[in-house]
Every structure is written in structure tokens, then in C-alpha cells.
Amino acid sequence: MTDSEIKELLDFWAKEVEENAFIPHDPVQIPHRYSRLQDIELAGFFAAIMAWGQRKTIINSAQKLMLLMDDAPYDFVMQHEESDLLRLRSFVHRTLNGEDVISMIRFFRQWYSGAPSLEDLFFSKVVLEAPIGDQVFCALTSFQRQWQAFPHEKRTDKHLASPAKGSACKRLNMYFRWMIRPHSPVDFGIWRKVSPAVLMCPLDVHVERVAQELGLLQRNKSDWQSCCELTDRLRAFRPQDPVYYDYALFGIGVARNKEIIA
């Protein structure tokens, strides 16, 4: 296929998939339960870091966690007593457990005590001064520096991927898509300091497979280099919003394979 044919295919599928009907079948439904910015940020973060495996299982686990946080994640983070954390110790989603969640809650409480949003946690002024293609890398490594400086359970590190270690950071890239892309029936666009032009494509199993078949991705390894390669190709089609095509690649993969894997 020529580039123009690929773009035409992706434009068609993106329009088909990025609709309100997408939400009830995807983990993004979890932050859509809320209207307050901080609740959306927190619910989105926890839903995103759980997003691997069957989507139904992810959604069920994320709903359970929200209920354990009184269905008010920001209030729980900021107002909980130590005794309130006991109910979280039995939580488990695959390898993510209650101790991991508790470490993150404590970290976010410290952050929110001095800032109104998680946007600056990732996209500080310094990060936003980096070239477009480097901003997400800088955002993720900046977050890692702050996380590592905070006392936490070291086992939790594996749930917070770093591009500096080669990870494709699929889940956090998806989280950024949710928070940053405006004018979308699915994404929120509540982080307004950041341009969607900087976003990196979440490299899940569907996206990777379809991108390889279309010739958009030559590498066969799911890592940060592959994420950059694919996003650069998508950015050539839609410079101001390359991750728009995440929906297309995911939708083609689901339709073809009849799978619901995140």
C-alpha cells in the first residue's frame, strides 16, 4: 500500500472507532465516572497502569479499586487515615497488589499537597521546552526521578515503566492520550499546557501487529525505539495529533482478531 492509501485506511478506522460507543468497552470508562479534574487524573492513572490483559478483567479490577477508595479517589488520597489503607491490602490485579497501590497513594498525596494537578508532575516547564519528539521521554524520566526520590515499595517500580530502560511505556502513553487529547468523545483534554503533537502511540499488541502489517513499523520488538518509529510515521500523516491513529490501529486489530486485549 502507498502512504496515501494507508492514511485513507487509518482515517476511516479512526473515525469509526473514536466514538462514545468505545467507552463502555474500554478501561477509559473508569475516569469517565468522574467530573472533577483530580478524580479523572487519579482514576485514569490507576486504570491505565492496570491495562494489560483482557479488557473486561481490567475494567472489573479498576472498578473494584475505585470502590475501595469510596468512589472518590481524590478525596481518599488527600483525606485518608492510615487505618483506611488496610482495606487496600487485599487488592490484587495480576502482579499489581495493594502495597503497590498504597505506595502510589502516598506519593500522590504528597504531590497534591503542593500542586492542583498531576500535569506538572509529568510536564513541567523544563519538559515543555524540549523538542516535540522528546517531550514524552522527558516527562516520563522526570516522573521517574521524583518517584525514585519518594520512599516506596521497590517492587512497585515494575508497574511504572521508564523509556530510559527501553520500555515502550504503553500504559503511561495511553494515560497521556486520555489526559491530553482535546475535542475527543473518548479522551478528556484536561491537561492544556501540552500539545497533542507531542504524544507517543501506545504500543499494545493490536497496534504493534497491525502497524507491522501495514509497513508502519519495521522492528519486531515492543520497546521505546519501536514506539518512536511508529509515532514518527503517524506524525507524518497528522503532525498535530499523531495518536489519533491509535484508535485506527487498535480497531483494525480487534476487528480482525476478535480479541479484546489491552
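Residues numbered from 1 in each chain as written. Predicted model: local features only at pLDDT ≥ 70, side-chain atom pairs only at ≥ 80, totals over all residues. Heavy atoms only, no water.

A. Highlighting the packing of aromatic side chains. Applying the stated criterion to the full structure yields 25 aromatic pairs. Consider the rings of Phe-22 and Phe-250, whose centres lie 6.2 Å apart with planes at 80 degrees: the pair is edge-to-face. Here Phe-250 lies in helix α12 (residues 244-257) and Phe-22 lies in the loop between α1 (3-17) and α2 (37-49), a separation of 228 residues in the sequence. Under the relative-accessibility criterion, Phe-250 is labelled buried at 9%. Through pairs of rings, three or more aromatic residues link up here, namely Phe-45, Phe-46, Phe-107, Phe-108, Phe-122, Phe-123, Phe-143, Trp-147, Phe-150, Tyr-175, Phe-176 and Trp-191. Directly above the ring of Tyr-244 sits Arg-238, whose terminal nitrogen or CZ lies 3.8 Å from the centroid. (Phe/Tyr/Trp six-rings, centres within 6.5 Å; stacked < 30°, edge-to-face > 60°. Helix = DSSP H or I, 4+ residues; strand = E, 2+ residues; numbered from the N terminus. Buried < 20%, exposed > 50% of the residue type's maximum accessible area, 1.4 Å probe, protein only. Lys NZ or Arg CZ within 6 Å of the ring centre and 35° of its normal.)

B. Inspection of the packing of α2 against helix α5 (residues 98-112) at higher detail. Packing of α2 against α5 leaves a shortest axis separation of 13 Å and a crossing angle of 150 degrees. In terms of orientation, α2 and α5 fall into the roughly antiparallel class. The two elements α2 and α5 meet at a crossing, and its hand is right-handed. When α2 is examined against α5, the residues Gln-38, Glu-41, Leu-42, Phe-45, Phe-46 and Ile-49 are found in contact with a partner set consisting of Val-101, Met-104, Ile-105, Phe-108 and Tyr-112. Broken down by class, the residue content of the contact of α2 with α5 amounts to nine nonpolar, one polar and one charged. (Axes fitted to C-alpha atoms, helices over the stretch in contact; angles between N-to-C directions. Parallel < 35°, antiparallel > 145°, perpendicular 65-115°, else oblique. Left-handed = near helix turned anticlockwise from the far one by under 90°. Contact = heavy atoms within 4.5 Å. Nonpolar A, V, L, I, M, F, W, Y, C, P; charged D, E, K, R; others polar.)

C. How the structure looks around the packing of α5 against helix α8 (residues 135-148). With their axes 11 Å apart at the nearest point, α5 and α8 run at an angle of 100 degrees to one another. The orientation of α5 with respect to α8, classified from their angle, is roughly perpendicular. On α8, the residues that touch Ser-103, Met-104, Phe-107 and Trp-111 of α5 are Phe-143, Gln-146 and Trp-147.

D. Quick look at the pattern of salt bridges. Counting across every chain of the model gives 20 salt bridges. Between Asp-11 and Lys-7 there is a salt bridge, and its shortest N-O distance comes to 2.8 Å. Taken together, the residues Asp-11 and Lys-7, both in helix α1 and four residues apart, mark about one turn of the helix. Looking at Asp-11, the relative accessible area reads 23%, which means it is partly exposed. (Salt bridge = Lys/Arg side-chain N within 4 Å of Asp/Glu carboxyl O.)

E. Expanded view of the side chain of Asp-204. Note that Asp-204 resides in the loop between α9 (170-180) and α10 (205-213). Lys-170 provides the closest opposite charge to the buried, salt-bridge-free Asp-204, at an N-O distance of 5.6 Å. Side-chain polar atoms of Asp-204 contact the backbone nitrogen of Val-207, separated by 2.8 Å. (Lys, Arg positive; Asp, Glu negative; His and termini not counted. Polar contact = N/O pair within 3.5 Å; in protein donor to acceptor, adjacent residues only side chain to side chain.)

F. Fine view of the nonpolar core. In terms of nonpolar packing, the biggest core is built from 94 residues, with Leu-10, Phe-45, Phe-46, Phe-108 and Phe-123 touching the most fellow members. Look past the residues within four positions of Phe-123 in its chain and what remains in contact with it is Leu-128, Gln-135, Val-136, Ala-139, Phe-176, Ile-180, Trp-191, Val-194 and Val-198. (Core = buried A, V, L, I, M, F, W, Y, C linked by side-chain atoms within 4.5 Å.)

G. Quick peek at helix α3 (residues 55-68). Compared with the 20 Å implied by 1.5 Å per residue over 14 residues, the 20 Å span of α3 between its first and last C-alpha is a close match. Within α3 the residues assigned to the buried category are Arg-55, Ile-58, Ile-59, Ser-61, Ala-62, Leu-65, Met-66 and Leu-68. One or two steps after α3, the chain reaches Asp-70, where phi turns positive at roughly 60 degrees. (Expected span 1.5 Å × (residues − 1).)

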